[in-house]
Amino acid sequence: MPTILDCSNIESTTSSLESILGLSGQVIREVVRSFNCDVYSRSHPHDHRHLKEILPDLLRDQGTTVHNPDVVYWFHGTRVLTPGTFRALGLLSLHQRIEQIWEDLFQLAQTWVSREEWQKFRTQVETTDTIVSSARHRQRIGNPADSGPHAVLVRDAITDHERFCGVDYLSAPETIEDLCESFKIHHHQDLLSKFQRESIPCIAKFYDRCRRDDLIGVALSYLWCTFHEEPCATCNAFLEGNRDAIPTDAIVEIQELTRRR
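I will try to describe carefully the structure that is included in this document. Counting starts from 1 at the beginning of each chain's written sequence and moves along it residue by residue. Local features in this predicted model are restricted to residues of pLDDT 70 or higher, and side-chain atom pairs are both shown and tallied only at a pLDDT of 80 or more, whereas totals for entire chains, interfaces and linings draw on every residue. To obtain the side-chain values, all non-hydrogen atoms of the structure were used and water was disregarded.

Examining the packing of helix H7 (residues 115-126) against helix H10 (residues 174-187)
Definition in use: Between N-to-C directions, angles span 0 to 180 degrees; the directions come from axes that are lines fitted to C-alpha atoms, helices contributing only their stretch in contact. Each helix is a run of H or I in the DSSP string that is no shorter than four residues. Each strand is a run of E no shorter than two, and both are numbered from the N terminus. A crossing counts as left-handed when the near helix is turned anticlockwise from the far one by less than a right angle, and as right-handed when that turn is clockwise. The contact definition used throughout considers only heavy atoms, calling two residues in contact when any of these lie within 4.5 Å. Under the scheme applied, nonpolar residues are Ala, Val, Leu, Ile, Met, Phe, Trp, Tyr, Cys and Pro; charged residues are Asp, Glu, Lys and Arg; polar residues are all the others, including Gly.
Orientation of H7 relative to H10, taken along the N-to-C sense of each, is 115°, at an axis distance of 11 Å. As H7 packs across H10, the resulting crossing turns out to be right-handed. Counted together, Trp118, Phe121, Gln124 and Val125 of H7 and Leu179, Ser182, Phe183, His186 and His187 of H10 form the full contact between these two elements. Residues of the contact of H7 with H10, tallied by class, amount to 5 nonpolar, 4 polar and no charged.

Examining the environment of Ala157
To keep it simple, the criterion reads: Burial classification: accessible surface area is computed with a 1.4 Å probe over protein chains only, and a residue below 20% of its type maximum counts as buried, one above 50% as exposed, and the rest as partly exposed.
Position of Ala157 among the secondary structure elements: in helix H9 (residues 156-159). On the accessibility criterion, Ala157 (9% relative accessible area) is buried. Measuring from C-alpha to C-alpha, the distance between Ala157 and Ala237 comes to 9.8 Å, with 80 residues separating the pair along the chain. The residues touching Ala157, leaving out its near neighbours within four places in the chain, are Val152, Phe164 and Asn236.

What to know about the layout of surface pockets
Basically, it comes down to this: Buriedness for pockets is judged along seven lines, at least five of which must meet protein on both sides within 12 Å for an open set on the 1 Å grid over protein atoms alone, while cavities are sets there where a 1.4 Å probe fits but cannot get out, and lining residues have an atom within 4 Å of a point. Grid points are joined across faces, edges and corners, and a volume is the space filled by probe spheres set on the points.
Estimated volume of the largest pocket: approximately 950 Å³. Elements with a minimum of two residues in the lining of the largest pocket: strand S2 (71-80), helix H6 (94-109), strand S3 (150-152), H9, H10 and strand S5 (238-240). Among the elements that make up the lining of the largest pocket, the one with the highest residue count is S2 (6 residues). Taken together, the residues of the lining of the largest pocket break down into 26 nonpolar, 11 polar and 7 charged.

Focus on the environment of Thr13
Mapped onto the elements, Thr13 comes out in helix H1 (residues 10-21). Thr13 sits 114 residues away from Thr127 along the chain, and the two C-alpha atoms are 46 Å apart. Here Thr13 is in contact with Asp6, Cys7, Ala219, Tyr222 and Leu223, once residues within four sequence places are set aside.

Brief notes about the nonpolar core
The tendency in soluble globular proteins is for nonpolar side chains to be buried side by side. Going by this rule: Joining through side-chain atoms within 4.5 Å is the link that ties buried Ala, Val, Leu, Ile, Met, Phe, Trp, Tyr and Cys residues into a set, and such a set is a nonpolar core.
In terms of nonpolar packing, the biggest core is built from 54 residues, with Leu17, Leu21, Trp74, Leu153, Leu220 and Leu223 touching the most fellow members. In contact with Leu220, not counting residues within four places along its chain, are Leu17, Ile28, Val32, Leu55, Pro56 and Leu59. Core analysis: the next-biggest nonpolar cluster, separate from the first, contains 19 residues, Val113, Phe121, Ile176 and Leu179 among them.

A closer look at the pattern of salt bridges
Note the following rule: Here, a salt bridge means any side-chain nitrogen of Lys or Arg that lies within 4 Å of a carboxyl oxygen of Asp or Glu.
Within the structure shown, the criterion is met by 13 salt bridges. Between Arg122 and Glu126 there is a salt bridge; the shortest N-O distance is 3.0 Å. In this pair, Arg122 and Glu126 both sit in helix H7, 4 residues apart, roughly one turn of the helix. The salt bridge involving Arg163 is made with Asp156; its shortest N-O contact spans 3.5 Å. One salt-bridge network, in which partners are shared between bridges, spans Asp47, Arg49, Asp57 and Arg60.

What about unusual backbone geometry?
That bond from Gly148 to Pro149 is cis: its omega, 0°, falls within 30 degrees of zero. Mapped onto the secondary structure, Pro149 falls in the loop between helix H8 (132-142) and S3. A positive phi angle, close to 55°, is found at Cys165, a residue other than glycine. Judged by its relative accessible area of 60%, Cys165 falls in the exposed class. With phi around 55°, Glu229 is a residue other than glycine that occupies positive phi space. Position of Glu229 relative to the elements: it lies in the loop between helix H12 (215-227) and S5.

Remarks on the packing of H6 against H8
Heads up, the rule is: Throughout this description, any angle smaller than 35 degrees is read as roughly parallel, any larger than 145 degrees as roughly antiparallel, any in the 65 to 115 degree range as roughly perpendicular, and the remainder as oblique.
Direction vectors running N to C along H6 and H8 enclose 140°, while the axes themselves pass 11 Å from each other. Looking at the two axes, H6 sits oblique to H8. Two packed elements cross with a definite hand, and for H6 against H8 that hand is left-handed. Contacts between H6 and H8 pair Leu94, His95, Ile98 and Trp102 from the former with His137, Arg140 and Ile141 from the latter. For the contact of H6 with H8, the class distribution of residues is 4 nonpolar, 2 polar and 1 charged.

Side note on H10
Selection rule: To estimate the expected span of a helix, subtract one from its residue number and multiply by 1.5 Å.
An ideal rise of 1.5 Å per residue puts 20 Å on 14 residues; H10 measures up with 20 Å between its terminal C-alpha atoms. Within H10, the full set of buried residues consists of Thr175, Ile176, Asp178, Leu179, Cys180, Ser182 and Phe183. As for H10, its buried residues are in contact with H6, H7, H8 and helix H11 (191-198). With its phi angle positive at about 60°, His188 sits one or two positions after the end of H10.

Bear in mind that shape data such as this cannot, by itself, settle questions of function.
Quick look at the structure:
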């Protein structure tokens, strides 16, 4: 059977590593818990590797061979008006979604502006508007690396973003935040709050064939930081879609979360 790395939580991460590494969860937890960064740094002053590089070696000392998983689960956090579109269309890149984003926002803004006024606003944002949020939007649209769809290895990075020094994508996607900020400056209406009231935060869980050799170390460093109650700024990995959609048959689950601001 194919091995699967699933970092939904501590329990699933440990269980996944058991299958991948052929070690008991107890051994994995003991090795990770017992590692002291300060002691190791003093005894290995010339070893400047990160946790994700050191911890796999410690498990190799337990007799295991560190194999890459065959399949990896990834998590995409966002906030949308209709989560069902993920099942119909898959996870689309920003460039594939941008027309629908503009249309969705107009449907919310049309109590304040006409279609003509909205089109004028869009033209300003996409061309010469000097507002910072508009310039940021143009920069994001102009950079293929920002197109996504993006995802993280560790689900906690979405639900507990501050611990991972990340962005709160469950509040609103960055593109929508920028467009709503520009709209507020031009039209003096809080479109972002309206979007947040009408939308649903959700996490799309999907699978991908593993093409990387750093993910076992990342999963182990996630365990270490959690066991030691340390910030997780470096214990995560990211998947960049490179403007390719995640197909519907790769999506395992759409988790709708409690509505929140």
